[in-house]
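What follows is each chain in one-letter form.
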Amino acid sequence: MSAAHDQGAPGPPLLALRGVSKRYANGTVAVAGVDLGIEAGGFVSLLGPSGCGKSTLLRMIAGLDPPTAGGIAWRGGARPSLGFVFQDPTLMPWRSALDNVALPLRLAHVPKAERHRRAREMLSLVGLADAAGSYPRELSGGMRMRVSIARALVTEPEVLLLDEPFAALDEITRFRLNNDLLRLWGLRRFTAVFVTHSVFESVYLSERVVVMAARPGRLHADIRLDASSHRDEAFRTSPAYAALCRSVSGALEGAMAA
Amino acid sequence: MSAEGIALPRELRLLGLRRSTWPRILAPLLMGLLALGAWEFAVRHFEVPAYILPGPVAIGQTLAENWASLLGSLAVTLRITLLALLLAVVTGVALAMLFSASRWVEMTFLPYAVMLQVTPVVSIAPLIIIWVDNVQAALLVCAWIVAFFPIVSNTTIGLNSTDRNLLDLYRLLGASRWQTLFQLRLPAALPFFLAGLRISGGLSLIGAIVAEFVAGTGGNSSGLAYRILEAGYQLQIPRMFAALALISLSGVAIFLVLSLLSHVLLRRWHESALGGER
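Residues numbered from 1 in each chain as written. Chains lettered and ligands numbered in written order. Predicted model: local features only at pLDDT ≥ 70, side-chain atom pairs only at ≥ 80, totals over all residues.

Undergrad: Hey, could you go over the overall build of chain A for me, with residue numbers and the actual values?
TA: For chain A, the helix and strand inventory stands at eight helices and nine strands. Taken over the C-alpha trace, chain A has a radius of gyration of 18 Å; the compact-globule value for 258 residues is 18 Å, and the two agree within 12%. Taking the principal axes of its C-alpha atoms as reference, chain A extends roughly 50 × 45 × 40 Å. Considering chain A as a whole, with its 258 residues, one finds that 44% of them fall into the buried category. Contacts spanning at least 24 positions in sequence make up 73% of the contacts within chain A whose residues lie at least 6 apart. (Helix = DSSP H or I, 4+ residues; strand = E, 2+ residues; numbered from the N terminus. Rg over C-alpha atoms; globule rule 2.2 N^0.38 Å. Buried ≥ 20, exposed ≤ 12 C-beta atoms within 10 Å, placed from the backbone. Contact = placed C-beta atoms within 7 Å.)

Here it is, written out as structure tokens:
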């Protein structure tokens, strides 16, 4: 944590991947030689077909799996605070929504009153203030995912990693959660790394789309999107959005052919 | 059939139970009463002597007349049963935690736990009664041997089937080994443990009764099995039935109490506790 928070100054990126590879014990190469730098405060999507190693890459960034070659370096040396959102809501069914959100604070021995206050605050931020006492089984799929996101953000992490969090949701719910995620990102200004296989979702959410090719998983294209346009429902139907989707889609097709 | 969202329409309740719960209680009760009526009728109609098959009324009378001594025996048997169950829970959960902590320990000891389980307790009971001086302790060991296996095997499965993602999350959040065990793996194993406990409850009663039969303990601290043996020698068949009725009612009571415990602990989160809503 020695590095100062230099606003916009061109320094080393927050996260630098150099030649990161992952080979499983059975010989399968999931990720091969990925070089990638991610700046602080950005919203980056990792886009690719299934089996391109994007989830593996995310797990390596999180420190859940070590790379078999290459290195992952954080600015300042130490890993910053992370939030992780899984593909499934991954809630503890025996705990209420409030206690699920408060889990990271509980594990860090934050006193009960304090962690409940912060968890409540986070729940109302995702629009679930009334569901604090409900158990996961009593919530809809979309609500469970909101609880999961609230849990990932309750510690106010510098980096939020999301592994296809909305893949299992219906489109209406997904659009709503897309907007919620962007609102939270605007509010908290964490660095977001978002894994998805949806071109539309990646373009709608991010400032930068990293397209990956499969077998072995590697980088194919790195597309920076115009971040100035306001992301809302009007943007979804705008010609600018359609054009961006077309170019990202083209890159993805190139990746599939590669 | 349940609706999406939080608010499920509240079902009508009768005396605190769901209306759909009542048939579950009344139907078997009615069936039982009919069977008892038919039994009583048959015994009277065919004039079956009481030393072959007594009717329910005669059994009830015997139960009332011998209430004090039978209740004393019931207390003795239940004490062994509950102690054995308690011991099975403590050792079973401890062993399951050991098994799940180390594959080596599991590989080494599980076959012997299985061996202990598949050997009929009747065949080991005489040995145990010879080896263990104290009769009560011998009975306890026999009942424990039968009761502990379902708890070990179920809890081990429960501890080993924790959601992988939740384990990753705990690791990511820097949880200690103990935090992961007590706040994640043990609660996640609870439904498995409770399923094992319900089986073990019935088995510990069976184990206690079998051991009492083998031991054939006399004296003033003897259990229900001894009452049955004793009544058999004296050809007092109604008293055999009275003791038998107490045993099976105790078994049912143990099952109901453990089912209730399981329901209370799991009702808000586990699928198995949703039976009433189907």
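Text resumes after the structure shown.
Undergrad: Residues and numbers for the overall build of chain B, please.
TA: Each helix and strand in chain B was counted, giving ten helices and two strands. Listed by position from the N terminus, the elements making up chain B come as β-β-α-α-α-α-α-α-α-α-α-α. Its C-alpha atoms put chain B at 75 × 55 × 25 Å along the principal axes. Excluding contacts between residues fewer than 6 apart, the proportion of contacts in chain B whose partners are at least 24 apart in sequence is 75%.

Undergrad: Lay out helix H5 (residues 121-131) of chain B with the relevant residues and their values.
TA: Residue and element names in this part refer to chain B. Taken as a whole, H5 has its buried residues at Val121, Ala125 and Ile129. Seen along its axis, H5 keeps its buried residues to an arc of 75°; they face one direction. Facing away from the buried side of H5, by more than 90 degrees, are the exposed residues Ser123, Leu127, Ile130 and Trp131. Where H5 is buried, its residues touch helix H6 (135-160) and helix H8 (177-215). (Arc of directions from axis to C-beta.)

Undergrad: Go over the domain arrangement of chain A with me, naming the residues and quoting the values.
TA: Residue and element names in this part refer to chain A. Looking at the assigned domains, one finds that chain A contains domain 1 (34-54 + 75-80 + 160-258) and domain 2 (91-157). Summarising the inter-unit geometry, the C-alpha centres of domain 1 and domain 2 are found 25 Å apart. Listed by partner, the interface residues are twelve residues for domain 1 and ten residues for domain 2. Take the side of domain 1 that touches domain 2: its biggest share by element is six residues, from helix H5 (residues 171-188). When the residues that make up the side of domain 1 that touches domain 2 are grouped by side-chain class, the tally is nine nonpolar, one polar and two charged. (Domains from an automatic or database assignment. Nonpolar A, V, L, I, M, F, W, Y, C, P; charged D, E, K, R; others polar.)

Undergrad: Residue-level account of the nonpolar core, with values.
TA: One finds Val101, Leu123, Ala150, Leu161, Ala192, Val193 and Met212 of chain A to be the most contacted residues of the largest nonpolar core, which totals 84 residues. A domain-level breakdown of this core finds at least three residues from each of domain 1 (34-54 + 75-80 + 160-258) and domain 2 (91-157) of chain A. When sequence neighbours within four positions are dropped, the list of residues in contact with methionine 212 of chain A reads Leu46, Leu47, Gly48, Cys52, Gly53, Lys54, Gly217, Arg218, Leu219, His220 and Ala255 of chain A. Counting 53 residues, the second largest nonpolar core, distinct from the first, contains Leu159, Ala189, Ala208 and Ile254 of chain B. (Core = buried A, V, L, I, M, F, W, Y, C linked by C-beta atoms within 7 Å.)

Undergrad: Let's hear about the packing of H8 of chain B against helix H10 (residues 237-266) of chain B: which residues, and what values?
TA: Residue and element names in this part refer to chain B. Remark: H8 packs on H10, axes separated minimally by 10 Å, with the N-to-C direction vectors making an angle of 165°. Here H8 lies roughly antiparallel to H10, going by the angle between them. Read as a crossing pair, H8 and H10 show a hand that is right-handed. From H8, Leu190, Pro191, Leu194, Leu197, Arg198, Gly201, Gly202, Leu205 and Ile209 reach across to H10, where they touch Ile247, Ser250, Gly251, Ile254, Phe255, Leu258, Ser259, Ser262, Leu265 and Leu266. (Axes fitted to C-alpha atoms, helices over the stretch in contact; angles between N-to-C directions. Parallel < 35°, antiparallel > 145°, perpendicular 65-115°, else oblique. Left-handed = near helix turned anticlockwise from the far one by under 90°.)

Undergrad: Lay out the sheet that holds strand S4 (residues 69-74) of chain A in plain terms, naming residues and giving numbers.
TA: All names here are of chain A. On the basis of which strands lie adjacent, the open sheet formed by three strands has the order S2-S1-S4 and antiparallel pairing. Each of the sheet's edge strands pairs with one partner strand only, and the pair in question is strand S2 (29-38) and S4. Neighbouring strand axes in the sheet, compared pairwise and without regard to direction, differ in orientation by 15° on average. Two elements, strand S1 (residues 15-23) and S2, share six bridges in a ladder whose sense is antiparallel. The residue of S2 that forms the bridge with arginine 23 is valine 29. (Pairing = 2+ DSSP bridges.)

Undergrad: Please set out the sheet that holds strand S6 (residues 159-163) of chain A residue by residue, giving values where relevant.
TA: All names here are of chain A. Here six strands make up an open sheet; going across it, the order is S5-S6-S7-S3-S8-S9 and the pairing mixed. In this open sheet, the two strands that pair with only one neighbour each are strand S5 (82-85) and strand S9 (218-224). Going from strand to strand, the sheet's axes swing by 15° on average, the running direction of each strand aside.

Undergrad: Pulling in residues and values, what's your account of the environment of isoleucine 247 of chain B?
TA: Residue and element names in this part refer to chain B. Within the secondary structure layout, isoleucine 247 lies in helix H10. Judged by the 22 C-beta atoms lying within 10 Å of it, isoleucine 247 falls in the buried class. Note: C-alpha distance between isoleucine 247 and alanine 225 (22 residues apart in sequence) is 8.7 Å. Setting aside its immediate chain neighbours within four residues, isoleucine 247 contacts Ile209 and Leu224.

Undergrad: Describe unusual backbone geometry, listing the residues and the values that go with them.
TA: The omega torsion of the bond from arginine 215 of chain A to proline 216 of chain A falls at -10°, within 30 degrees of zero and hence cis. For proline 216 of chain A, the position within the fold is in the loop between strand S8 (208-213) and S9. One non-glycine residue, threonine 90 of chain A, lies in the positive phi region at around 50°. With respect to the element layout, threonine 90 of chain A can be found in the loop between S5 and helix H2 (97-107). Positive phi outside glycine occurs at glutamate 47 of chain B, with the angle close to 50°. Structurally, glutamate 47 of chain B is set in the loop between helix H1 (22-45) and helix H2 (56-65). Using a count of 6 C-beta atoms within 10 Å as the deciding quantity, one classes glutamate 47 of chain B as exposed.

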